[in-house]
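An overview of the molecular structure
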Amino acid sequence: MANLDDIIVAVSSPSVTAGQTARSIVRLSGAGVWNALTAVVAAQTPPQANAVLPCRVRLSRRLEIEGMLYCFFSPRSYTGEDMAELHLWAAPDVVALLLERLCEGRNPHGHPVRLAEPGEFTLRAYLNGKMDLTQAEAVAQIVTSANRGQLAAAEKLLHGRFSETISRVRTEILEVLGLIEAGLDFTEEDIEFITPEQAAKRITAQRDLLCNLLEDSVQLERMIDLDAVGLAGLPNAGKSSLLNALLQRPRSIVSPIEATTRDILTGVLDLEGVSCVVFDCAGLLPDAEKRGGIDALAHQAAIDALRRAAVVLFCMDASKPSFEQDRQILPAIQTPCRIPIATKADLADPTALQRLITHCRQIFDTPPIITSARTGQGLSELKSRIKNALITGPTGDGQVERLSLNQRHRQRLQEAVKALADAADEMGAGREDTAAMLLRQSYQTLGGLERENVSEKILESIFSRFCIGK
């Protein structure tokens, strides 16, 4: 791990394209930061409280630019150390020169200044007690969020909802453990502080609470990869045309010949704050297994892709006289969120369209979204429906109310859930001493989520995924 006594510096604003000028933020943190600034900012007495000051940034004898100096004093700063931010409008080369000047050897007062490592500002915040480890990880999740729902879930984590819940569970575990151990100490006096049934009930309640956390969460792995939206239906159902219309470019081959699409074709769809990957795949066939060969392979590849999708758009040709084959392939699509789509509405007569609407009400309990890739009919409604489905999730309970848990969180929670379940069983079997051991194990496991039992190697693994400057 890098020397935490150094003053660190980094650009904490988005990268600027060469040749352009934009507002850049250069952030410093560490004891002696005000002395380090004298290398580029005219000497002045720093304020005694957090403040914003105009300044002139000196890059060479002939080059000075105006900027703003933001001063943050320990412990009332992001890192818990003295911090400063230089905000200036400048080109990338000017910002690079500023970093060079700040890092030139030692400043006159002997405090080393160096470029920050990935996540080092947040690492210092964690080590200085400004946030727990789960909140620190939430910072990285906020930076990598792909849509508003994911951002809201990460913010819940940052604001401590997860930590508060874990703290309450640990407090309850400790209380039950204390009552069990008190009873073990007074076995000869026949004093019972808590009955086995009461203990098992309280332990099970905490296990259930942790299970709910696991179930009602957004996995970080899903946050990093955009949610997938798949187009499904019979061959020649209008999927490829609909994909091209949604993406507003010819991504998929459109042909009247059946089964033109064999591979999985994808594109990124931006829905005003919610991004997703939308894909087209081979048309599904009721008798694909019987056909064998490439048809069976394409069918299976399509089914596998659709099962992993967050949302499936089930496309049905509105101009057809019958929808029996659509009904036959529907059971193969097991994704919880299926949205019925009537395609080729511009080719359908009112009678056929009404027949499809009735069909969808019977199968999906909802009418289809009526669309036409040629005229653009229904595309705005479809995009809005996709966006809402991605935000609220398959059950419609609001993804924004969920937490963002990564693999480390989930592993710890699963270990604690198992230990609590075993502890409840042991209490039911009258083995209080074994139950007490399992409760201590679950208490320590949950503690590792925030501060306890975190090795330097784990910290390096977590913070290495951060951006420089965060």
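Every chain begins its residue count from 1, and numbering advances along the sequence as written. With the structure being a predicted model, the display of local features is reserved for residues of pLDDT at least 70 and the display and counting of side-chain atom pairs for 80 or more, all residues being used for whole-chain, interface and lining totals. By convention in this description, side-chain values take in all heavy atoms of the structure and omit both hydrogens and water.

Focus on helix α9 (residues 239-247)
Relative accessibility decides the category of a residue: with a 1.4 Å probe and only protein chains considered, values under 20% of the type maximum give buried, values over 50% give exposed, and everything between is partly exposed. Strands are runs of DSSP state E lasting at least two residues, helices are runs of H or I lasting at least four, and both sets are numbered from the N terminus onward. Across the nine residues that make up α9, a large majority, eight, are buried. Positioned one or two residues after α9, Q248 has a phi angle of 60°, which is positive.

With respect to the pattern of salt bridges
Salt bridges are identified by distance alone: a Lys or Arg side-chain nitrogen within 4 Å of an Asp or Glu carboxyl oxygen. For the coordinates displayed, the defined rule picks out 16 salt bridges. In this structure, E120 engages R114 in a salt bridge whose closest nitrogen and oxygen atoms are separated by 2.6 Å. Pair check on accessibility: E120 and R114 agree, each one buried. A salt bridge links K344 to D317, with the shortest nitrogen-to-oxygen separation between them at 3.4 Å. One end of the pair, K344, is in the loop between β12 (338-343) and α13 (350-364); the other, D317, is in strand β11 (residues 311-317), and 27 residues separate them in sequence. Judged by its relative accessible area of 9%, D317 falls in the buried class.

Structural notes on the packing of aromatic side chains
To pair, rings of Phe, Tyr and Trp, with the six-membered ring standing in for Trp, must have centres within 6.5 Å; the planes then decide the type, stacked if under 30 degrees apart, edge-to-face if over 60, and tilted in the middle. If you walk through the whole model with that rule in mind, you get two aromatic pairs. With a centroid separation of 6.0 Å and 45° between ring planes, the pair formed by F314 and F364 is classed as tilted. On the criterion of sequence distance, the pair formed by F314 in strand β11 and F364 in helix α13 is long-range, its members being 50 residues apart. Each member of the pair F314 and F364 is classed as buried. Note on criteria: charge over ring means Lys NZ or Arg CZ within 6 Å of the ring centre, with the direction from the centre no more than 35 degrees off the ring normal. Of note, R27 hangs over the ring of Y78, and the distance from its end group to the ring centre comes to 5.8 Å. In this structure, R27 is placed above the aromatic ring of F121, and the distance from its NZ or CZ to the ring centre is 5.4 Å.

Describing the nonpolar core
Inside soluble globular proteins, nonpolar side chains tend to come together where they are buried. Throughout, nonpolar core names a set of buried Ala, Val, Leu, Ile, Met, Phe, Trp, Tyr and Cys residues whose side chains join them through atoms within 4.5 Å. Of all hydrophobic cores here, the largest spans 27 residues; its most connected members are V26, L37, V40, V57, L86, L98 and L102. Contributions of two or more residues to this core are made by β1 (7-11), β2 (22-29), α1 (33-37), β3 (51-58), β4 (64-72), β5 (83-90) and α2 (92-102). In this description, contact between two residues means that some pair of their heavy atoms is separated by no more than 4.5 Å. The residues contacting V57, other than those within four sequence positions of it, are V40, L63, E64, I65, L86 and L98. One finds L177, I180, L213 and L413 within the second-largest nonpolar core, a separate group that totals 26 residues.

Some words on the sheet that holds strand β9 (residues 265-270)
The pairing criterion is simple: DSSP has to find at least two bridges between the two strands. Taken in spatial order, the six strands of this open sheet run β9-β10-β8-β11-β12-β13, and their pairing is mixed. Only two strands of the sheet have a single partner each, and these edge strands are β9 and β13 (369-370). One ladder, built from five bridges, connects strand β8 (residues 228-233) with β11; its direction is parallel. The residue bridging G230 from the neighbouring strand is V312, located in β11. Against the sheet, α9 makes contact with β8, β9, β10 (275-280), β11 and β12, and its axis sits at roughly 155° relative to β10, the strand it touches most. Angular values range over 0 to 180 degrees, each being the angle between N-to-C directions of two axes fitted as lines to C-alpha atoms, with helices fitted over their stretch in contact. Against the sheet, α13 engages β11, β12 and β13, with an angle of about 145° to β11.

Brief notes about the sheet that holds β4
Read from one edge of the open sheet, six strands run β3-β4-β5-β2-β1-β6, paired in mixed fashion. Two strands lie at the open edges of the sheet, namely β3 and β6 (113-115), each paired on one side alone. Averaged over neighbouring strand pairs, the angle between their axes works out to 25° when direction is ignored. Alignment of β2 against β5, held across eight bridges, turns out to be antiparallel.

A look at helix α16 (residues 432-447)
Given a helix with a known number of residues, its expected span is that number minus one, times 1.5 Å. In a regular helix each residue adds 1.5 Å, so 16 residues correspond to 22 Å; α16 covers 22 Å between its end C-alpha atoms and thus fits that length. Among all positions of α16, only A435, A436, L438, L439, S442, T445, L446 and G447 are buried.

Details of the pairing of β11
For β11, a buried count of seven out of seven residues is recorded, marking the element as mostly surrounded by other parts of the structure. Residue alternation in β11 divides its side chains into two sets, V311, L313, C315 and D317 and V312, F314 and M316, and both sets are buried. Here β11 runs beside β12; their pairing, made up of six bridges, is parallel. Following the sheet pairing, C315 is matched in β12 by I341. Tracing the backbone out of β11, into helix α12 (residues 324-329) and back to the parallel element β12 gives a crossover that is right-handed. Crossovers are marked right-handed if the path from the first strand over the helix to the second runs clockwise, as seen with the strands pointing away from the viewer.

Read these as layout, nothing more, since geometry by itself doesn't imply function.
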